[in-house]
Every structure is written in C-alpha cells, then in structure tokens.
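The lines below spell out each chain.
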Amino acid sequence: MALGLLGPGLSSPALAAAAAATATADWRAPDPQNVLVVDTDKGRVLVEMVPEAAPAHVERLRALARAGFYDGRTFFRVIDRFMAQTGDPKDTGEGGSDKPDLKGEFTWRRGTDSGFVAFAHPMGADLGFVGPMPAVSQGWDYASMTADHKVAAWGTYCPGVLGMARDEGPDTANSQFFLMRQAYPSLDKRYTAFGRVIFGLDVVRAIKTGEPVAAPQDRMLKVRVLADIPAGERPRIEVLDPRGAAFAALAAKARAARGADFSVCDIEVPVRVK
C-alpha cells in the first residue's frame, strides 16, 4: 500500500505522522465513476472529480476519457509554481473537441446536502472541503436570508486542484484542463474548479516546464475512468473522509501550526492506494 498526502507537506516525517494519526480513522472509497486514472510518461496520477461543484465539466471529462480523446495528449503549457495544462488534440492550446463549449460553473449553491465540511470561518466566509477538493463559501448564516436557503460556494486553487482552461469568454471551456502544481487563489471563481489530484502530485510537479514546452513534451499515455478498469487491475483507493473526527483533528492541527496565516491549502489529505 502507498500512502499519499495532498497538500504542501510531502516529507517522510509528515507521511509517517499521517499514517500513525489515521491508522484507525474512517476512510472513504471514491466513486469510481468520478476518478480519472491518468498514466503519464512520468508516472500515474489519480484525479477525483467533484460533480457537486461542476456536473457538466465532470461529465465532459468522463465522456472524453471514455472516447480515448486524451490518450497521447501532451502537457503543452507547464509553469513552475503554477500549473500543468493538457487536453488539446492539437497540443498547442488552440484546439478542442467536437463537443459544444461548456458554460462556466465557477460557483455552485451550497445546501445542507452539498457535502461541504467547514473547518474555519474567517470574516463571514467558510473554508472547508467537498470530498478531496478545498473550497470556500459564503458563511452559512447567510442561508437564512436567501430565497433558496443556500449560499454560494466555489473550489479554491490549492496544489493538485483540477481546473478547466478556457478562452477569454466565460463560457468557452471545451476539452483542455490543468492540474495545479502550487496554490494560486487568484484563479478562484474565474476558472471552473471541479476536482483534485488524490495521488501523484509529485508526478504533476515533475512534468517538464515551458510556455510552450520545448520538444519532447511529457504526455498522458492513457486516461481512463476508474470504473472502466477491470476489477482485478483497478487500484484500490481510500481517502480520509472530511466528515470524520480524524480529518477534523488534522485540520485543527494545521490551523494551530499556521495561526493567522492559515489557509485551507495547509490541510493535508491522507490517501491510501493499493
């Protein structure tokens, strides 16, 4: 079994501490329909998509992966301490699929059933997680003042977060996506965030950089939906559930360590993969 850790801390002591602290905690198995298995020439990356945040974007990546659209695609724009972009059939940043462009899903309405778990409440906002994805929302107290008794929420661009590339128009996303190498919160509510790397962030950070990347470029050899992989070959994945006490303890520890500088990106999410 391999233990991964989402977030900025990837040292051996941190991994050992996470393993010890969560040995008896509750773990969840992601829905295999929402996990992309991305085999690159640098190694394997597992991405869990979050339909609650952007259902149309999740469905688009799932459909294109099942069509083999992403197989062989290069990482054509990769910026250190920022992100790695891919998913263009022209491998230049100028192409897309034959499907219609997507409307931006930059925010969603957070209700009592949204799965959002808050761990901090700065200045009228809530910071937390939806599944593996760090997120921000209006403070829940505002829900009593809205017509639908919900509040606006959005994914925040911490390391590993999955975002959809687009042109200048807000509704121009098609097939290109990017994986964050580091945090970049200025993208929040401007680009659709709808998932996160749950295993293989080190692989994402090892991809050759360039804008554009000089040949030869690193590439995705094969992209599959986890549910489509035969059971005997399918990696078994467990992610620490943000709704559990063990996750809350990890979040509290991160808040105490960072103090006034705390960010939701400081909360590390343990992942176990067999």
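Scroll up to find the structure.
Conventions used here
Residues numbered from 1 in each chain as written. Predicted model: local features only at pLDDT ≥ 70, side-chain atom pairs only at ≥ 80, totals over all residues. Heavy atoms only, no water. Buried < 20%, exposed > 50% of the residue type's maximum accessible area, 1.4 Å probe, protein only. Helix = DSSP H or I, 4+ residues; strand = E, 2+ residues; numbered from the N terminus. Pairing = 2+ DSSP bridges. Phe/Tyr/Trp six-rings, centres within 6.5 Å; stacked < 30°, edge-to-face > 60°. Lys NZ or Arg CZ within 6 Å of the ring centre and 35° of its normal.

Asker: Just give me the short version of the pairing of strand β4 (residues 43-49), but keep the residues and values in it.
Answerer: Most of β4 sits out of view: five of its seven residues are buried. As defined by bridge partners, strand β3 (residues 35-40) adjoins β4 across six bridges and the pair is classed as antiparallel. Across the sheet, L36 pairs through a bridge with V47, a residue of β4. Adjacent in sequence and paired antiparallel, β3 and β4 are bridged by two residues.

Asker: Account for the packing of aromatic side chains, with residues named and values stated.
Answerer: What the rule picks out here adds up to eight aromatic pairs. Ring geometry for F129 versus F247: centroids 5.2 Å apart, planes at 70°, classification edge-to-face. With F129 in strand β9 (residues 125-130) and F247 in helix α4 (residues 245-258), the pair connects residues that are 118 residues apart, well separated along the chain. For the pair F129 and F247, a shared accessibility class is recorded, and that class is buried. The interplanar angle of 80° and the centroid separation of 6.2 Å between the aromatic rings of F178 and Y191 together place this pair among those described as edge-to-face. Separated by 13 residues along the polypeptide, F178 in strand β13 (residues 177-180) and Y191 in the loop between β13 and β14 (193-199) bring together distant segments of the chain. The residues F178 and Y191 share a single accessibility class, namely buried. Seen from the ring of Y191, R166 lies directly overhead, with NZ or CZ sitting 4.5 Å from the centre. It is R272 that lies over the ring of W27; its NZ or CZ is 3.8 Å from the centre.

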